[in-house]
Amino acid sequence: MNSPLRKKLLGLLFAFFLCVISQAIQPVQSYASLPDELQVFAGRQADVRLAVPAASSAVVDRPDIVGLDGQEQAVHVTKQQPLHLHPQQTGQAKLTLKLWGKIPVKTVNVNVIPDLRVVPGGQTIGVKVKSAGILVVGHHLVRAEGDQRVSPGEAAGIKLGDLITHMNGKRLDGVAGVAEAVEQAGKSKKGIDVVLKRGKETVKTQLKPAYDAEDQAWRLGLYIRDSAAGVGTLTFYAPDQGVYGALGHVITDMNTQTSIVVGSGQIVQSNVTSISKSESGDPGEKRAHFLKESKILGNIERNTAFGIFGKMSDNPDHSLYSKGIPVAFSHEVKEGPAEILTVVDGQQVERFSIDIVHVADQSEPATKGLVLRITDPKLLDKTGGIVQGMSGSPIVQNGKLVGAVTHVFVNDPKSGYGCFIEWMLQDAGVMIKKEKAKNLKAG
């Protein structure tokens, strides 16, 4: 065989080899991209899409817990059709995916949890929260003896965003008791033993008040705050658990941008009086006020990255739903049409059309799970897009509650971010977290 012909044959063999390898690698990569764990609701079909060749199959070890198409133990999988899971009852099963029906390439732990339904909100709410201590929002200089300018708080190493929880061993419920403690310490020329929270760290220090010659009073040289108030939107009410979720994002202090550690708080009825429209570079806002006879809807127990949560005993007025609807896991949310529920006038909740234009792949809690775009002409005319106070507005897709509006794009107010409802339900204690489910199984 001459050399050119041999080179040509070797080239053809090499190309064939690469083709075979690529065909084998592609489905393996597809399998590897699947999560190690999948949560589904009992009695509700779940679809899993796989870009795999026709000569692949799926098998479950517990068909009594999770059935496949036709209630068979093993089924063929194609890239044209999703794999249909039929959760039968609560429990755990292993789903094994096999290449060419023989080579196990991926095992997914399927956790079947009880079916869950919650009532979507949309009502505008007033938020009143009191921190679990006093928050340091600034330093100021005290004019002490000899015309010296000092800040005792800064000298003691206290920083903006610190949360002072104790003074001289006594827990602080608010700013009311601070002035008396400062005056007593100043007159007795003693320091104040302070305990504060700085993130997850506990810090102890001593404050020595300085006498302000101008104000004729003892000062700490600190600006402090113990409460915050604002307007947002109720996301859901879970009647079986008697809890709610709202806002979709954490409440932070306006000066320090640190999250507020909740000591106590309430959400109350609120009435939208006007709208400042959003424009590029200038996000608008809902203007609302708490009614004098405002009904307290619930308390505030937690402030997390996904909103505020607490107890609620009844479905609030003006709800568009009298009973709960299904909720969706993050992997069930799809790009395409959806709607949000919110208030733009008074207290009446309305539906407005949107498009979900991007869905992030999140197997663990993370913010900014969705990118959405307002398409409803009425809402665009009224608000210009997403405005402040709209955060927490529930997102409904195909009859399921899938998420909540969280942020507006400042330079494109027609668009914004949303979070998955799955993460809000976990923080509310309505849906069990994956790591806890694993621990329960291990126990």
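Above this text sits the structure in question.
Residues numbered from 1 in each chain as written. Predicted model: local features only at pLDDT ≥ 70, side-chain atom pairs only at ≥ 80, totals over all residues. Heavy atoms only, no water.

Asker: Quick question: what am I supposed to make of helix H5 (residues 421-428) here?
Answerer: The α-helix winds at 3.6 residues per turn, so residues separated by three or four positions along the chain end up facing the same way. Across the eight residues of H5, eight count as buried, placing the element largely inside the fold. Those residues of H5 that fall on the buried side of the exposure criterion are Ile421, Glu422, Trp423, Met424, Leu425, Gln426, Asp427 and Ala428. Count one or two residues on from H5 and you reach glycine 429, which has phi positive near 85°. (Buried < 20%, exposed > 50% of the residue type's maximum accessible area, 1.4 Å probe, protein only. Helix = DSSP H or I, 4+ residues; strand = E, 2+ residues; numbered from the N terminus.)

Asker: What should I look at first to understand the sheet that holds strand E31 (residues 400-409) in this one?
Answerer: Two strands in a sheet stick together by hydrogen bonds in their backbones, pointing the same way (parallel) or opposite ways (antiparallel). Ordered by their spatial adjacency, six strands build a closed barrel running E27-E28-E29-E32-E31-E30, and the pairing between neighbours is antiparallel. Shown here is a sheet whose adjacent strand axes are inclined to one another by a mean of 45°, direction ignored. Note that strand E29 (residues 370-374) and strand E32 (residues 412-420) share four bridges and pair antiparallel. Across the sheet, leucine 370 pairs through a bridge with glycine 418, a residue of E32. Packed on one face of the sheet, H5 meets E31 and E32 and runs near 50° to E32. (Pairing = 2+ DSSP bridges. Axes fitted to C-alpha atoms, helices over the stretch in contact; angles between N-to-C directions. Contact = heavy atoms within 4.5 Å.)

Asker: Just checking my understanding: could you explain the environment of serine 280 for this structure?
Answerer: Along the chain, the position of serine 280 falls in the loop between strand E21 (262-276) and strand E22 (285-290). Distance in space between the C-alpha atoms of serine 280 and asparagine 411 is 4.5 Å, their sequence separation being 131 residues. Each residue touching serine 280, except ones within four places of it in the same chain, is listed here: Val410, Asn411 and Pro413. Here asparagine 411 takes part through its backbone oxygen, which lies 3.2 Å from a polar atom of the side chain of serine 280. (Polar contact = N/O pair within 3.5 Å; in protein donor to acceptor, adjacent residues only side chain to side chain.)

Asker: Explain the sheet that holds strand E7 (residues 91-99) to me, please; I cannot follow it from the model alone.
Answerer: Taking strand neighbours across the sheet as the criterion, the five strands line up as E1-E8-E7-E3-E5 in an open arrangement whose pairing is mixed. Edge positions in the sheet fall to strand E1 (37-41) and strand E5 (74-77), since each of these pairs with one other strand and no more. Across this sheet, the average inter-strand angle for adjacent strands is 30°, counted without regard to direction. Sheet topology places strand E3 (residues 56-60) next to E7; five bridges connect them, and they run antiparallel. For valine 60, the partnering residue across the bridge sits in E7 and is leucine 95.

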